[in-house]
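In case you want the letters, here they are:
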Amino acid sequence: MKELKSLVSPPRIGARVVLCLTLCILPAAIVLFSSSCNTLPVGYDQLRDRVSGAADTTLPADSSSSYARYVPLGGSSLLYLGSDTSYVARLIIRFSILDTMSLDSITSFQLVLHQPDTARTMGLICRPCSSQWTESGVSWQMADSFDHWLTPGGDFLSDTLATGIMTGDSAVFDFRYVGLDSALRATIRDCGIGIFPLDTGIVAIYAGTGSNTTTTAPRLLVTYTNKGKQTQRVVNDASDASLIDTVATNSQPFDLLVGSGVAFRTWLTFNVDSIPSSATIARADLKFRPETKYHRTDTINLGVHRLTDSYILKGASARFETTPLATASYVPADSDSVVTIDIRSLVQLWTSREDTLPNYGLLLEAAPEWSPLFRLRIPRSGPNAPRLEVQYVLPPEDRFR
Amino acid sequence: MRLTIGDWRLASMRTRPVLALGLWLLASALPCCAQSFYNSRGLGEVTPAGEARVAGLAEPSALSTLNPGIFVGLNQTSFHVTALAVAALGTQGSNTRLLQDARPGAFNVATPLPLGARLFGGINQKFSQDFDVWSESLSDTAYRRHIIGRGGIYALRAGLAKSFFNRVCIGGEYNRVLGGSRENWRFEAENGGATSTDTIEVDYAGNTLKLGGSYQDRFFSLAGYYEPPLSLTARRYKRVHGVIDDTARLYEISLPESYSLAAAARPTDRIGIDLGLTVYPWHDATITFNDTTSSLGYRNAWRGSIGAEYEIDSLHPIRVGYSQQTWYYNASFYEFDTTEQPSALVQVPSSISERGVHIGTSIPIPKFGALDLSGEILYRSSQAPSSDLAPAGPTSLGEFAGRLMLTLSYSEAWAKRTRRWGY
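Attention in this report is confined to the structure presented alongside it.

The rules we used
Residues numbered from 1 in each chain as written. Chains lettered and ligands numbered in written order. Predicted model: local features only at pLDDT ≥ 70, side-chain atom pairs only at ≥ 80, totals over all residues. Heavy atoms only, no water. Pairing = 2+ DSSP bridges. Helix = DSSP H or I, 4+ residues; strand = E, 2+ residues; numbered from the N terminus. Axes fitted to C-alpha atoms, helices over the stretch in contact; angles between N-to-C directions. Contact = heavy atoms within 4.5 Å. Buried < 20%, exposed > 50% of the residue type's maximum accessible area, 1.4 Å probe, protein only. Polar contact = N/O pair within 3.5 Å; in protein donor to acceptor, adjacent residues only side chain to side chain. Phe/Tyr/Trp six-rings, centres within 6.5 Å; stacked < 30°, edge-to-face > 60°. Lys NZ or Arg CZ within 6 Å of the ring centre and 35° of its normal. Salt bridge = Lys/Arg side-chain N within 4 Å of Asp/Glu carboxyl O. Core = buried A, V, L, I, M, F, W, Y, C linked by side-chain atoms within 4.5 Å.

Residue and element names in this part refer to chain A. In spatial order, the strands read E1-E22-E15-E19; together these 4 strands make up an open sheet with antiparallel pairing. For this open sheet the edge positions go to strand E1 (54-60) and strand E19 (339-342), each flanked by a neighbour on one side alone. Each strand of the sheet is rotated relative to its neighbour by a mean of 20°, with strand direction disregarded. Sheet topology note: the strand E15 (residues 280-288)/E19 ladder contains 4 bridges and is antiparallel. Residue Phe288 lies in a different strand from E19, and its bridge partner there is Val339. Set on the sheet, helix H5 (residues 344-352) makes contact with E15, E19 and strand E22 (387-393); between it and E15 the angle comes to about 120°.

Given below as structure tokens:
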């Protein structure tokens, strides 16, 4: 009876009511606070009067120029061999032949090359290279980053090491090495070989870089007798590169060109002084419609680099950031396509940090410059000429105005 | 072993202080996001008094410690620490977004002095400028803005009061008004995720006084306070892309006075009823910049409340209340004026109204005081007036706000305190 009385006594009822009230308030609060926020524009009208509207402007190129440069092509996945009305190309390869290799039991020494386009044929001849070179620095004019070839296009001996016709997906050429004197063999080991075209037209040959290191890379196949059995050994290429020169650009002297192989670079500047330094660049697109002068690929990749030196003062020697700031693709088959490159971050730097990052302009080039051969012409004027379309937003206004 | 209700009660009595502290810490540690979609305008929302006991009665601020003349029956030192958690569910057009906020709400301390004098002080927020808003995503813009505002204006208070005849009290306090806000205007390009941030920071400083008084007896109480005009200095800094864009700006903001009145009746020992009215006649609020004074465009605003308390027993009160108010600044909406070519965007101001229901209770903590608890559901809305112009977007903004307030009160006289309004 006493227990029953205590259950219905006022303090016990009050405690229960308060407990119930507490248990109602707290779970409701926890449910509310555990919900996640979305990003829907609720309440933006309350701030709209503090937002300065967006402004659009289109800027033509203030200055422009173009220059050609022999660039190292050692990083390419394809090597080019041949000549046509625009280019002449040869290639150099160095194999990792051991100087301790015993030549007594060798029965054959063969050069193996693979090409992606099985329909093409090309006669070729191999000769020893007479100067040392580096894959990262070799070009038509330079043996490495510092030394020129004695003869542009490479220094080679007149000895013939192999000759034949490149056809099908791969070709095997008998390679003279065993019968050579030791000095010439040492030269081949150190300096590699050059492969020259004998026909017109250009073929692409798989290089030993990238994913082609084992199956389609250039290599030497050595067959020798070991304990009475015919055994084969593969000598991989250690380095390779194309040496490419341009024969004719088929363009006017003041044309703006962008191309790979022999690199053509176009310098452009845009006067962005009309954009306030406090503006946030919402969009900055470099647009132009090029004319394709030469291409060996269905998709052309272009890159934009920020110049760190004044082109006006230093010309083609002006330095630029090696990593492209932005890239874009262009399909030559689509004649209506306009190249659009997003350079928002670069324009933002030009406008907001003009004191530390001066606007020396931008450099338009192939990305990368050892990509499959192409050359584009960019009109200097007219509707297809380079233009910079900018949309910018001014900073917000104060809370009190 | 069978646990009886008596066992549970004994155990809960022992663990109540721990439970109360745990709840208070939980409320303080909840994730912070934002408070109101309207806080981006004016000086922000007027923050509630910061006492869960008063919040449960619909916040008649003249009956809270915001009134320097409320300390009639203060017979020993007491303090109140409050944690405030707010969730706001905004609706505009077909969009709905939930924001959350939790933070310390207020701290108040008061102590009796000889000859009926009282010394008191504390800190509480006067205005909240917390908000979090995204811009819309338009087809012709490749970017969005995310604007996050944090901060507010606080009053650091200290004052003296004198109690007469244990029924009347008058008091005055000095308020050092200070605070700051930081708005980050994040700019986000949608295609590449590139971002930049413009930041606007405002530091506030000012001084003001407040005078108040109350009459309290067993059956009837009357209280009120007067806050004279406030001159507030606002120093603004702006950083665009992380770099200070221009020199600091100095604004002088002049807010007119405000009043608050409240009356309470206790017809029986268990039932109390209160009425509250606070008036903000701020239509003439001005701002001065570069010797040029202009109107801030505020409105005359008021807040009314009615609340009731019922004591189930001497230890367990429950409180309910209803409040209604208008805000002192306008919301804004936009319409197209097609009479101009190209059509212009016209700003349409609209008043903000708020209605709220409030509940609350207290959990007694023996030999300490109490944990006061309140929950509030507020509905705020603004609607653009009808016009012939074409709306440029939604023409209304509604917001459901839920407020949870926990006040840890230290006072051994908590049982007596329920007999009076105030202290």
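Further remarks concern the side chain of B:His358. Residues and elements named next belong to chain B. In this structure, His358 sits in strand E21 (residues 353-365). Overall, the relative accessible area of 1% leaves His358 in the buried class. A distance of 3.3 Å separates the side chain of His358 from the backbone oxygen of Ala55, its partner in a polar contact. Reaching out from His358, the side chain makes a polar contact with the side chain of Glu376 at a distance of 2.8 Å.

With that settled, consider the packing of aromatic side chains. Inspection of every chain in the model, using the stated rule, returns 24 aromatic pairs over all chains. Among the aromatic residues, ring-to-ring pairing joins B:Tyr38, B:Phe127, B:Tyr280, B:Trp282, B:Tyr298, B:Trp327, B:Tyr328 and B:Tyr329 into one connected group. Against the face of A:Trp133 rests A:Arg94, its NZ or CZ located 4.3 Å from the ring centre. One Lys or Arg, B:Lys210, reaches over the ring of B:Tyr225 and ends 4.9 Å from the middle of that ring.

With that settled, the discussion passes to unusual backbone geometry. Of note, the bond from A:Ala367 into A:Pro368 is cis; its omega dihedral lies within 30 degrees of zero at -5°. Its location among the elements puts A:Pro368 in the loop between strand E20 (362-366) and strand E21 (374-378). Phi is positive for B:Asn166, close to 55°, though the residue is something other than glycine. Tracing the backbone through its elements, the reader meets B:Asn166 in the loop between strand E6 (143-164) and strand E7 (168-189). When its relative accessible area of 46% is taken as the criterion, B:Asn166 is described as partly exposed.

Here the focus is the pattern of salt bridges. Taken as a whole and judged by the stated rule, the model has 37 salt bridges over all chains. Among the ionic pairs, A:Asp309 bridges to A:Arg319, the shortest N-O distance being 2.9 Å. In this pair, A:Asp309 sits in the loop between strand E17 (300-306) and helix H4 (311-314) while A:Arg319 sits in the loop between H4 and strand E18 (326-330), placing the two residues 10 residues apart along the sequence. The class of A:Asp309 is buried, set by a relative accessible area of 10%. Taken together, the salt bridges that share partners define one network made up of B:Glu45, B:Glu59, B:Arg303, B:Glu354, B:Glu376, B:Arg380, B:Glu399 and B:Arg403.

Residue and element names in this part refer to chain A. The element strand E9 (residues 193-197) is extensively covered by neighbouring structure, given that 4 of its 5 residues are classed as buried. Where strand E4 (residues 87-95) and E9 come together, 3 bridges link them in antiparallel fashion. Its bridge partner being in E9, Leu91 is matched across the sheet by Ile195. Relative to E9, strand E6 (residues 122-128) is paired through 5 bridges, and the arrangement is antiparallel. Note on E9: the bridge partner recorded for Pro128 is Ile193.

Let's shift gears to the sheet that holds strand E19 (residues 331-337) of chain B. All names here are of chain B. Strand order in the open sheet formed by 3 strands is E20-E19-E23, with antiparallel pairing between adjacent strands. Both edges of this open sheet fall to strand E20 (344-350) and strand E23 (390-391), since each of them pairs with a single strand only. Pairing of E19 with E23, which is carried by 2 bridges, proceeds in the antiparallel orientation. For Glu335, the partnering residue across the bridge sits in E23 and is Pro391.

Counting residues in each nonpolar core, the largest one holds 41 residues, and the members touching the most others are A:Phe400, B:Leu43, B:Tyr204, B:Ile253, B:Leu255, B:Tyr298 and B:Tyr328. Every element with two or more residues in this core is listed here: strand E5 (131-134), E6, E7, strand E8 (195-216), strand E10 (230-240), strand E12 (249-255) and E19 of chain B. The contacts of B:Tyr328, once residues within four sequence positions are left out, are B:Gly42, B:Leu43, B:Gly44, B:Val46, B:Phe127, B:Trp282, B:Tyr298, B:Arg299 and B:Ala301.

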